[in-house]
Amino acid sequence: MRTLAQDVTETLRNWILNGEIRPDERLEEIPLAEKLGVSRTPVRAALSTLAGEGLVDHQPKRGYLVRGFKMEEIVAAYEVRAVLEGLACRNAAMRGLTPEQEQRLRDALADGDRILSRGELRPEDHEPYQQMNVTIHDTLLEASGNPWVTRFAEQAQNIPFASDRIILWDDHPIILRSHGDHHRIVEAVIARDCVRAEQLMREHVYYAGLILRRNYEKLLSAGDEAPGAKPPARRGAPKG
């Protein structure tokens, strides 16, 4: 059972990851509590959690400030994601998927195929595509059977622009190529091809980081209008 503090943490984390709350912006308990319609207690707990994750900095007598990340720090997070999620796919292929996990992945792939079959990614497609993406990555992490891989991979994702919850561009050919990766990764895991599954996921995450580097300044200037304006919550978690 999720607590209110966890829901508030998820909401604030998403706002930071997608740029709705900008670097160096001050976070104050009372205004946040009023905006979210909650008491100060879950907000205080959420800010403490986000400070532990490195997303905000606590400054004595000044409260919390949203931390800014340099381009190289974000790219470094992609490098960590590539290794950990590659390992997750290797383990998942070695262990084998449960019938429920395999069906979840097949359903997510079909959702992505349907969205991309229109030949363009429309604004209303962003959230369902993002949710599909989260489902695939989370299911493969779950299937690894290693809670430490999941924990550290999600920690690497909790950095602005490095999260699998944020679709940072709406260029259809790029998204189509990325979703093709999803198909190849899932096929390798189902086939129990450990080496190929790991290599494919590493390349998939590496390519996402490469595209980010090429488009970073454009994303910063887009701000709240960037494609990943409202990321979905993780599987099983209520939205903010």
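This write-up is about the structure you can find in this document. What you see is a predicted model; the values in this text were computed from it and never measured.

1. Topic: the sheet that holds strand β1 (residues 26-27)
Now for step 1: Strand order across the open sheet formed by three strands is β1-β3-β2, with antiparallel pairing between neighbours. Because the sheet does not close on itself, it has two edges, and the strands there are β1 and β2 (56-59).
Now for step 2: Note: β1 against strand β3 (residues 63-66), two bridges, orientation antiparallel. Residue pairing across strands places arginine 26 opposite leucine 65, the latter belonging to β3.

2. With respect to unusual backbone geometry
Now for step 1: Residue aspartate 24 is not a glycine yet carries a positive backbone phi of 75°.
Now for step 2: Mapped onto the elements of the fold, aspartate 24 is located in the loop between α1 (4-17) and β1.

3. A look at the nonpolar core
Now for step 1: Membership of the largest hydrophobic core comes to 56 residues, with the highest contact counts inside it found for Leu12, Leu27, Ile74, Leu140 and Val189.
Now for step 2: When residues in this core are grouped by element, the largest group, nine residues, is from helix α4 (residues 71-95).
Now for step 3: Contacts of isoleucine 74, omitting those with residues within four sequence positions, involve Phe69, Ile159, Pro160, Phe161, Ala162, Leu212 and Tyr216.
Now for step 4: Of all hydrophobic cores here, the second largest spans five residues; its members include Leu84, Ala88, Leu141 and Val149.

4. Thoughts on the pairing of β2
Now for step 1: Across four bridges, β2 lies against β3 in antiparallel orientation. Bridge pairing in β3 links glutamine 59 to glycine 63.
Now for step 2: Here β2 folds back onto β3, and the loop between the two strands holds three residues, one of which, lysine 61, carries a positive phi near 70°.

5. Looking at helix α8 (residues 172-190)
Now for step 1: Helix length check: α8, at 19 residues, gives a terminal C-alpha distance of 27 Å against a target of 27 Å (1.5 Å per residue), a fit within 8%.
Now for step 2: Arginine 192 occupies a position one or two residues after α8 and carries a positive phi of about 65°.

6. Some thoughts on the pattern of salt bridges
Now for step 1: According to the stated counting rule, one finds 19 salt bridges in the structure shown.
Now for step 2: Between arginine 90 and glutamate 198 there is a salt bridge, and its shortest N-O distance comes to 3.1 Å. Of this pair, arginine 90 sits in helix α4 while glutamate 198 sits in helix α9 (residues 194-222), and the two are 108 residues apart along the sequence.
Now for step 3: A residue is classified by how much of its surface remains accessible, and glutamate 198, at 15% relative accessible area, is buried.
Now for step 4: Beyond isolated ion pairs, a larger network of salt bridges with shared partners links Arg118, Arg122, Glu124 and Asp125.

7. Section: the packing of aromatic side chains
Now for step 1: One pass over the full model with this rule turns up one aromatic pair.
Now for step 2: An angle of 25° between the planes, with centres 5.9 Å apart, marks the rings of tryptophan 148 and phenylalanine 152 as stacked. Residue tryptophan 148 and its partner phenylalanine 152 are both found in helix α7 (residues 147-157); the two are separated by four residues, about one turn of the helix.
Now for step 3: Overall, the relative accessible area of 39% leaves phenylalanine 152 in the partly exposed class.
Now for step 4: A cation over an aromatic ring shows up here: lysine 35 above the ring of tryptophan 15, its NZ or CZ 4.4 Å from the ring centre.
Now for step 5: Across the ring face of tyrosine 207, the terminal group of arginine 177 is positioned such that the distance to the ring centre comes to 3.7 Å.

Reading guide: rules and limits
Residues numbered from 1 in each chain as written. Predicted model: local features only at pLDDT ≥ 70, side-chain atom pairs only at ≥ 80, totals over all residues. Heavy atoms only, no water. Pairing = 2+ DSSP bridges. Helix = DSSP H or I, 4+ residues; strand = E, 2+ residues; numbered from the N terminus. Core = buried A, V, L, I, M, F, W, Y, C linked by side-chain atoms within 4.5 Å. Buried < 20%, exposed > 50% of the residue type's maximum accessible area, 1.4 Å probe, protein only. Contact = heavy atoms within 4.5 Å. Expected span 1.5 Å × (residues − 1). Salt bridge = Lys/Arg side-chain N within 4 Å of Asp/Glu carboxyl O. Phe/Tyr/Trp six-rings, centres within 6.5 Å; stacked < 30°, edge-to-face > 60°. Lys NZ or Arg CZ within 6 Å of the ring centre and 35° of its normal.

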